[in-house]
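The lines below spell out each chain.
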Amino acid sequence: MKKKLRIKKEDEFQLVFKKGESSANRQFVVYVLEKPGQDHFRIGLSVSKKIGNAVVRNQIKRYIRQAFLELKEDIEEGKDYIVIARKPAAEMDFFQVKSSLIHVLKRSKSLNFKTKKQ
C-alpha cells in the first residue's frame, strides 16, 4: 500500500481507538474514525502474536491489504480504519477474509457499493 494510505504511528492508532467507533464479527474488529480534511482513507493493521507465527500473521495482513485495494472504490473516503484480526482469521483464505471484511465494513456503514458486484 502507498504510504499515504497507511497508519503506522502509535499516537494515530490511539486516536482512532479512543475517538473512533468499532464494529466486529468473529474474525475482525474494525475501528473507524471520521477525518473531514482527508481526501483518502487510511488503514492500520493489528495482528497479535497469539494468532500464529510471523508467516501466518504476515499472510493475514497481505490478505487484508489486498481486500482493501479491491474494495477501494467502495470504501468511504476521509476516514481512518484500524483492522484487528482475531484468531479465526488464521484459518481463512483470501476470499473468506474479503467477505468477512465486507460484512464488518457494512456493519460500520463504511461501505457503499458504487459498482455492481457479483
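This text goes with the structure placed above it.
Described in the following lines is the structure provided in the data block.

Calculation rules
- In every chain, residue numbers begin from 1 and rise along the written sequence.
- Since the coordinates come from a predicted model, pLDDT governs what is reported: local features require at least 70, and pairs of side-chain atoms require 80 or more to be given and counted, while whole-chain, interface and lining totals use all residues.
- The side-chain numbers reported here are obtained from all heavy atoms of the structure, hydrogens and water having been left aside.
- A 1.4 Å probe that fits into a set of points on a 1 Å grid over the protein atoms alone but cannot get out defines a cavity; an open set with protein on both sides within 12 Å along at least five of seven lines defines a pocket, and lining residues are those with an atom within 4 Å of a point.
- Grid points are joined across faces, edges and corners, and a volume is the space filled by probe spheres set on the points.
- For the purposes of this entry, the term helix denotes a DSSP run of H or I that reaches at least four residues, the term strand denotes a run of E that reaches at least two, and both are numbered from the N terminus.
- Under this grouping Gly is polar, as are all residues other than the nonpolar Ala, Val, Leu, Ile, Met, Phe, Trp, Tyr, Cys and Pro and the charged Asp, Glu, Lys and Arg.
- Take the buried Ala, Val, Leu, Ile, Met, Phe, Trp, Tyr and Cys residues and link them wherever side-chain atoms come within 4.5 Å; each set so joined is a nonpolar core.
- The classification of residues rests on relative accessible area computed with a 1.4 Å probe and restricted to protein chains. Under 20% of the type maximum is buried, over 50% is exposed, and intermediate values are partly exposed.
- The contact criterion used is simple: two residues touch if any of their non-hydrogen atoms lie within 4.5 Å.
- Paired strands, as defined in this entry, are two strands with at least two bridges between them according to DSSP.
- Axis lines are fitted to C-alpha atoms, over the contacting stretch for helices. Their N-to-C directions set the angle, which ranges from 0 to 180 degrees.
- Stacked, edge-to-face and tilted are the three classes for Phe, Tyr and Trp ring pairs, Trp counted by its six-membered ring, which pair at centre distances within 6.5 Å; planes under 30 degrees apart are stacked, over 60 edge-to-face, the rest tilted.

### Structural notes on the layout of surface pockets
As a volume, the largest pocket reaches approximately 250 Å³. In this structure, the largest pocket is lined by 13 residues; those nearest its centre are Ile7, Lys8, Leu45, Lys61 and Arg65. Mapped onto the lining of the largest pocket, the elements with two or more residues apiece are β3 (42-47) and α2 (54-70). Tallied by class, the residues present in the lining of the largest pocket amount to six nonpolar, two polar and five charged. Considering only enclosed or pocket space, the second largest pocket measures out at about 170 Å³ in volume. Every residue lining the second largest pocket is listed: Lys19, Glu21, Ser22, Ser23, Val32, Leu33, Glu34, Lys79, Arg107, Ser108, Lys109 and Ser110. Put simply, the parts of the chain that give the lining of the second largest pocket at least two residues each are β1 (21-24) and β2 (28-34). Among the residues making up the lining of the second largest pocket, the classes are represented as two nonpolar, four polar and six charged.

### Quick notes on the nonpolar core
In this structure, Phe28, Ile64, Phe68, Ile75, Tyr81, Val83 and Leu101 are the most contacted members of the largest nonpolar core, which totals 26 residues. Those elements that provide at least two residues to this core are β2, β3, α2, β4 (79-85) and α3 (94-107). In terms of residues, this core owes the most to one element, α3, which gives six residues. Excluding residues that lie within four positions of it along the chain, leucine 101 makes contacts with Phe28, Ile64, Ala67, Phe68 and Val83. Core analysis: the second largest hydrophobic core is formed by five residues, Ile7, Phe13, Val16 and Leu33 among them.

### Details of the sheet that holds β4
Taking strand neighbours across the sheet as the criterion, the four strands line up as β1-β2-β4-β3 in an open arrangement whose pairing is mixed. Of all the strands in the sheet, the pair left with one neighbour each is β1 and β3. Strand-to-strand twist in this sheet, taken as the mean axis angle between neighbours without regard to direction, amounts to 20°. By the bridge criterion, seven bridges tie β2 to β4 in an arrangement that is antiparallel. Across the sheet, the residue bridging to valine 29 is isoleucine 84, located in β4. On the sheet, α2 packs against β2, β3 and β4 and is oriented at approximately 155° with respect to β3.

### Section: the packing of aromatic side chains
Counting across every chain of the model gives seven aromatic pairs. Centroid distance phenylalanine 41 to phenylalanine 68: 6.1 Å. Interplanar angle 45°. Geometry classified as tilted. Taken together, the residues span a long stretch of sequence, with phenylalanine 41 in the loop between β2 and β3 and phenylalanine 68 in helix α2 at a distance of 27 residues. The exposure class of phenylalanine 41 is buried, given its relative accessible area of 2%. Classification of phenylalanine 68 by relative accessible area gives buried; the value is 1%.

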